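# Coordinates in review
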Amino acid sequence: MTQTQDPARSRTFTWADPAVNAAQVGRRSGLDVLRAMIAGELAAPPVMHLIDMTRMEADEGRVVVELTPQEFHYNPLGSVHGGVLSILLDTAAGCAVHSTLPAGVGYTSLDLNVKFLRPVTVASGTLRCTGTVLQRGSRTALAEARITDTKGRLTAHATSTCLLLQP
């Protein structure tokens, strides 16, 4: 097989030990942990480095994460892979739930229902994904997440159910 593409590209990234942040679950509220990550007091989770999420905002029940689409996010069709968008949606929805939890309570995603509404490419500009808690009970929480492009167009939407893990 002959090489017809440009020379290979590469990417290197580093991350901190995720166990340090996990140890904070029993000591700090979810919102405190998220704000400590935003302030740089705690390291961002490895997945943020993996897909190169660039920014996060957190308030109780609402989290925003941003990602600028890059070539390494592409699928064989020349657009951002749905899995990358799903990571963004899952992060925003899950962290929105996390922001409502007291110290000692954790969570895990039970499901993620995603709708891809338009193709995303590097031309889409920075993606803004907003996660919002719709309902939180004592055992589960329901959240949604929406990705918009630089022009404010909705590119993907998800709902997520999270299981709350009591101490």
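Definitions and cut-offs
- Residues numbered from 1 in each chain as written.
- Predicted model: local features only at pLDDT ≥ 70, side-chain atom pairs only at ≥ 80, totals over all residues.
- Heavy atoms only, no water.
- Phe/Tyr/Trp six-rings, centres within 6.5 Å; stacked < 30°, edge-to-face > 60°.
- Buried < 20%, exposed > 50% of the residue type's maximum accessible area, 1.4 Å probe, protein only.
- Lys NZ or Arg CZ within 6 Å of the ring centre and 35° of its normal.
- Helix = DSSP H or I, 4+ residues; strand = E, 2+ residues; numbered from the N terminus.
- Contact = heavy atoms within 4.5 Å.
- Pairing = 2+ DSSP bridges.
- Axes fitted to C-alpha atoms, helices over the stretch in contact; angles between N-to-C directions.
- Patch = residues over 30% accessible without salt bridge, like charges linked within 9 Å, V, L, I, M, F, W, Y side chains within 5 Å.
- Areas by Shrake-Rupley, 256 points an atom, 1.4 Å probe, with all protein chains shown as cover.
- Salt bridge = Lys/Arg side-chain N within 4 Å of Asp/Glu carboxyl O.

## Regarding the packing of aromatic side chains
In this structure the tally under the stated criterion is 1 aromatic pair. Pairing F13 with W15 gives two aromatic rings, centres 5.6 Å apart and planes at 40°, and the pair type is tilted. For F13, a relative accessible area of 28% translates into the label partly exposed. Looking at R11, its charged tip hangs above the ring of F72, at a distance of 3.9 Å from the centre.

## Details of the environment of L142
By the element assignment, L142 lies in strand β5 (residues 140-148). Given the relative accessible area of 32%, L142 is considered partly exposed. Spatially, the C-alpha atom of L142 lies 26 Å from that of V80, the residues being 62 residues apart in sequence. Sequence-distant contacts of L142, that is, excluding residues within four places in its chain, are made with T132, V133, L134, Q135, T159, S160 and T161.

## Here's the deal with unusual backbone geometry
Leave glycine aside and you will find that most residues have negative phi; peptide bonds, for their part, are mostly trans. The residue D52 is not glycine, and still its phi comes out positive at about 70°. On the secondary structure map, D52 appears in the loop between α3 (46-51) and β1 (53-59). Taking the relative accessible area as the measure of exposure, D52 reaches 27% and is therefore partly exposed.

## A short note on the sheet that holds β1
On the basis of which strands lie adjacent, the open sheet formed by 6 strands has the order β1-β2-β4-β5-β6-β3 and antiparallel pairing. Looking at the sheet topology across the chains shown, the edges are occupied by β1 and β3 (106-116). Each neighbouring strand pair of the sheet contributes to a mean axis angle of 20°, computed without reference to strand direction. The pairing of β5 with strand β6 (residues 154-165) spans 9 bridges and is antiparallel. Paired with I147 across the bridge in β6 is A156. Along the sheet, helix α2 (residues 30-39) contacts β1 and β2 (62-67); its crossing angle with β1, the most-contacted strand, is approximately 140°.

## Regarding a nonpolar patch on the surface
A surface patch of nonpolar side chains, amounting to about 240 Å² of accessible area, comprises L110, L163 and L165. Of note, L165 is situated in strand β6. Look at L165 and you get partly exposed, because its relative accessible area is 39%.

## Quick notes on the side chain of H98
Mapping H98 onto the fold places it in helix α4 (residues 82-98). Contacts of H98, omitting those with residues within four sequence positions, involve G30, L31, V33, L34 and Y107.

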